[in-house]
Amino acid sequence: MFKAIVFDMDGVLLDSEKIYRIYERKAAKTFGLPTDHIDDFCARIAGGTKDTNSKAFNDFFAGSIPEGLDYLQYRDVVSEGVERHGRENGYELKPGVRELFDFLKEKGVKIALATSTDKDRAERFLGPHGLLEYFDKMIFGNMIPAGRGKPNPDIYLTACRELGVKPEETIGVEDSINGVLSSSAAGLYTVMVVDLIEPNEVTEEKADKTYYSIINITELFK
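What you are looking at is a predicted structure, and each value in this text was computed from that prediction instead of being measured. Sequence positions are assigned chain by chain, starting from 1 and proceeding in written order. Where totals are concerned, whole chains, interfaces and linings use all residues; where local detail is concerned, this predicted model gives features only for residues with pLDDT of at least 70, and gives and counts side-chain atom pairs only at 80 or more. The side-chain numbers reported here are obtained from all heavy atoms of the structure, hydrogens and water having been left aside.

**Some thoughts on the sheet that holds strand β3 (residues 137-140)**
Here is step 1 of the chain: For two strands to pair, DSSP has to find at least two bridges joining them. Labels follow the DSSP assignment, with helices taken as runs of H or I lasting at least four residues and strands as runs of E lasting at least two, numbered in each case from the N terminus. Spatially, β3-β2-β1-β4-β5-β6 is the arrangement adopted by the six strands of the open sheet, whose pairing is parallel. The open sheet is flanked by β3 and β6 (209-211), the only strands paired with a single partner. Along the sheet, successive strands turn relative to each other by an average axial angle of 20 degrees, direction set aside.
Here is step 2 of the chain: Across four bridges, strand β1 (residues 4-7) lies against strand β2 (residues 110-115) in parallel orientation. Bridging across to β2, A4 finds its partner in K110.
Here is step 3 of the chain: Sheet contacts for helix α5 (residues 97-107): β1 and β2; angle to β1, the most-contacted strand, approximately 155 degrees. The axes are straight lines fitted to the C-alpha atoms, using for helices just the contacting stretch, and the angles between their N-to-C directions are given from 0 to 180°. The contact criterion used is simple: two residues touch if any of their non-hydrogen atoms lie within 4.5 Å.

**Comments concerning the nonpolar core**
Here is step 1 of the chain: The set of buried Ala, Val, Leu, Ile, Met, Phe, Trp, Tyr and Cys residues whose side-chain atoms join them within 4.5 Å is what this entry labels a nonpolar core. Three exposure classes are used, based on accessible area relative to the maximum for each residue type with a 1.4 Å probe and protein chains only: buried under 20%, partly exposed in between, and exposed over 50%. The biggest cluster of nonpolar side chains holds 51 residues, and the ones touching the most others in it are F7, L13, Y74 and I217.
Here is step 2 of the chain: A per-element tally of this core places α5 first, with five residues.
Here is step 3 of the chain: Ignoring anything within four residues of it in the chain, the contact list for Y74 reads E24, A27, A28, F31, L33, I38, F41, F57 and L69.
Here is step 4 of the chain: Judged by nonpolar contacts, the second largest core, of 14 residues, contains V6, I144, Y156 and L188.

**A few points about helix α4 (residues 71-89)**
Here is step 1 of the chain: Here the expected length of a helix is defined as 1.5 Å per residue gap, with one fewer gap than residues. The terminal C-alpha atoms of α4, which comprises 19 residues, lie 27 Å apart, in line with the 27 Å expected from a rise of 1.5 Å per residue.
Here is step 2 of the chain: Within α4 the residues assigned to the buried category are Y71, Y74, V78, G81, V82, E83, H85 and G86.
Here is step 3 of the chain: Of the surrounding elements, those touching the buried residues of α4 are α1 (17-30), α2 (38-45), α3 (50-60) and α6 (119-126).
Here is step 4 of the chain: By the N-cap criterion, in which a side-chain oxygen at the helix start approaches the backbone nitrogen of a residue two or three places on, α4 is capped by D70, the distance to L72 being 3.2 Å.
Here is step 5 of the chain: Directly after α4, the chain includes G90, whose backbone phi takes a positive value near 70 degrees. Throughout this description, a polar contact denotes any pair of N or O atoms lying within 3.5 Å of each other; where both atoms belong to protein, one of them has to be capable of donating a hydrogen while the other can accept it, and for residues adjacent in sequence the pair is counted only when both atoms sit in side chains.

Functional significance is not addressed by these values, which are geometric in nature.
What follows is the structure, given as structure tokens:
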């Protein structure tokens, strides 16, 4: 029986990845970057760090980047749009999240958050749904050393250490390729819950289970 479960936030708990894609496309248009494969770019950077995403940005848009533009400038435009949307509209919970959390609490399973985002943003958008009280520990991107975010294992290892459990006793839940790599590298039983990113050869190798609904995780405790 697993003793703990660690969740990513965007695309797993909150239905926010679709908003990111809207503003990724708008930012690309703003800077004159091609948008015909922008969803592929979004899939590549989801869950990543500014360092890994900066490299992905330069590789993906090679030959199309205007002089003087770097990834951080592009990211700032995306972030401003996403934050504005969140302030004005909030983010809906993904279907099944509350039911799963209630189930886990009834089972006595420890729950943690492992998100690349910062504490302020996570609490602002999870708080209105009453989810904060469910977490035994919350690990944010700014708690991890620079350059060691997802797909590195550090954030999941930190979550396990804070919870007082071994990685092999713990489930990691992700929707992105970078996240799946991070959880798997940390030694957690890794579950991919499909949101906008479809499973591929990487997730098929690294994820122990793939579900299209988060509520299916309950079967791992029966």
